[in-house]
Amino acid sequence: MRLVLDTNVVVAALRSPSGASAALVEQALDRRFTLLLTVPLVLEYEGTCRHPTQRIASGLSESEVRTVVSALCAVGKPVQVWFLWRPQLRDPADEMVLEAAANGRADALITFNSGDFGDIPETFGIEMLSPQQALRRLTKS
């Protein structure tokens with residue numbers, strides 16, 4: 001299964017190590033699914049997770065955050081962005097998530113905020129799943 005994790009899913013994984021988001025990150029690191037990544041998306045992960053508010057909430061240092069992001073990069077499949085689909089969404093940060101999913105031909109985009117994406121992912125044949133839904137689907141297969 002080819003998945004793209006929204007930035008807030010990665011943030012949630014760092015803040016709540018026992019939640020579904022953390023389990024998804026662990027499954028990505030174990031290569032239980034193909035994590036699709038683009039350079040802009042990785043930079044968004046790193047920038048958001050390194051923000052002082054997020055680091056305080058997660059209890060991680062900048063170095064630890066870089067280690068997590070580097071680990072995701074090590075297991076992720078790089079996606080070449082052939083087409084910029086912008087603007088499709090209200091939030092520019094969500095645009096890079098959608099671009100990674102569309103250009104990488106993702107099976108699903110994992111997010112807490114499916115309303116932010118509306119029906120746009122469906123036009124690319126991409127399913128929207130919450131972290132809990134994605135985890136259930138992965139553990140069934």
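Our subject is the structure listed above.
Definitions and cut-offs
Residues numbered from 1 in each chain as written. Predicted model: local features only at pLDDT ≥ 70, side-chain atom pairs only at ≥ 80, totals over all residues. Heavy atoms only, no water. Helix = DSSP H or I, 4+ residues; strand = E, 2+ residues; numbered from the N terminus. Rg over C-alpha atoms; globule rule 2.2 N^0.38 Å. 1 Å grid on protein atoms, 1.4 Å probe; cavity = no way out; pocket = protein on both sides within 12 Å on 5 of 7 lines; lining within 4 Å. Points joined across faces, edges and corners; volume = space filled by probe spheres on them. Nonpolar A, V, L, I, M, F, W, Y, C, P; charged D, E, K, R; others polar. Salt bridge = Lys/Arg side-chain N within 4 Å of Asp/Glu carboxyl O. Pairing = 2+ DSSP bridges. Core = buried A, V, L, I, M, F, W, Y, C linked by side-chain atoms within 4.5 Å. Buried < 20%, exposed > 50% of the residue type's maximum accessible area, 1.4 Å probe, protein only. Contact = heavy atoms within 4.5 Å. Arc of directions from axis to C-beta.

**Q** Please explain the overall build of the chain as it appears in this structure.
**A** Scanning the chain for helices and strands turns up 9 helices and 5 strands. The order of α-helices and β-strands along the chain, N terminus first, is β-α-α-β-α-α-α-β-α-β-α-α-β-α. The globule rule puts the C-alpha radius of gyration for 141 residues at 14 Å, and the 14 Å found for the chain is close to it. Its C-alpha atoms give the chain principal-axis dimensions of about 40 × 35 × 25 Å.

**Q** Sorry if this is basic, but what is going on with the layout of surface pockets here?
**A** Using a probe with the size of a water molecule, rolled over the atoms, empty space left in the structure can be pinpointed. Of the voids in this model, the largest pocket is the one considered here, and its volume is about 180 Å³. Lining the largest pocket are 14 residues, with Asp6, Thr7, Asn8, Glu44 and Ala93 positioned closest to its centre. For the lining of the largest pocket, the secondary-structure elements that each account for two or more residues are helix H1 (7–15), helix H3 (39–50), helix H6 (92–103) and helix H7 (114–117). A per-class count over the lining of the largest pocket returns 4 nonpolar, 5 polar and 5 charged. Ala13, Leu14, Pro17, Ala22, Val25, Glu26, Leu29, Val68 and Ala71 are the residues that line the second largest pocket. In terms of residues, the lining of the second largest pocket owes the most to one element, helix H2 (residues 20–29), which gives 4 residues. Residue composition of the lining of the second largest pocket, by class: 8 nonpolar, no polar and 1 charged.

**Q** Help me understand the pattern of salt bridges in this model?
**A** Here the idea is simple: oppositely charged side chains can pair when their charged atoms come close. The final tally for this structure, using the stated rule, is 4 salt bridges. Its salt-bridge partner being Glu62, residue Arg55 comes within 4.0 Å of it at the nearest N-O pair. Between Arg137 and Glu127 there is a salt bridge, with its nearest N and O atoms 2.6 Å apart. With Arg137 in helix H9 (residues 131–140) and Glu127 in strand S5 (residues 127–129), this residue pair connects regions lying 10 residues apart in the sequence.

**Q** Just to check I follow, could you spell out the pairing of strand S1 (residues 2–5) for this structure?
**A** Two faces belong to every sheet, and in a regular strand the side chains alternate between them. Sheet topology note: the S1/strand S2 (residues 34–37) ladder contains 2 bridges and is parallel. By the bridge assignment, Arg2 is partnered in S2 with Thr34. Note: S1 against strand S4 (residues 108–110), 3 bridges, orientation parallel. Residue pairing in the sheet places Leu3 in a bridge with Ala108 of S4.

**Q** Teacher, can you tell me more about the nonpolar core here?
**A** Generally speaking, nonpolar side chains in soluble globular proteins are found buried as a group. One finds Val4, Leu5, Leu24 and Ile110 to be the most contacted residues of the largest nonpolar core, which totals 41 residues. If near-sequence neighbours (up to four positions away) are discounted, Ile110 is found in contact with Leu3, Val4, Leu5, Asp6, Val9, Leu24, Leu129, Ser130, Pro131 and Ala134.

**Q** Mind showing me how you'd approach H9 here?
**A** In an α-helix, one full turn covers 3.6 residues, which means residues spaced three or four apart are oriented alike. Within the span of H9, buried status applies to Pro131, Ala134, Leu135 and Leu138. Within H9, the buried residues cover an arc of 100 degrees as seen down the axis, which keeps them to one side. Where the residues of H9 are buried, they touch S1, H1, H2, S4 and S5.

**Q** Explain unusual backbone geometry to me, please; I cannot follow it from the model alone.
**A** Of note, Arg31 is a non-glycine position whose phi angle comes to about 60 degrees, a positive value. On the basis of relative accessibility, which here comes to 57%, the residue Arg31 falls in the exposed class. In the Ramachandran plot, Arg105 falls in the positive-phi region, its phi being about 50 degrees despite a non-glycine side chain.

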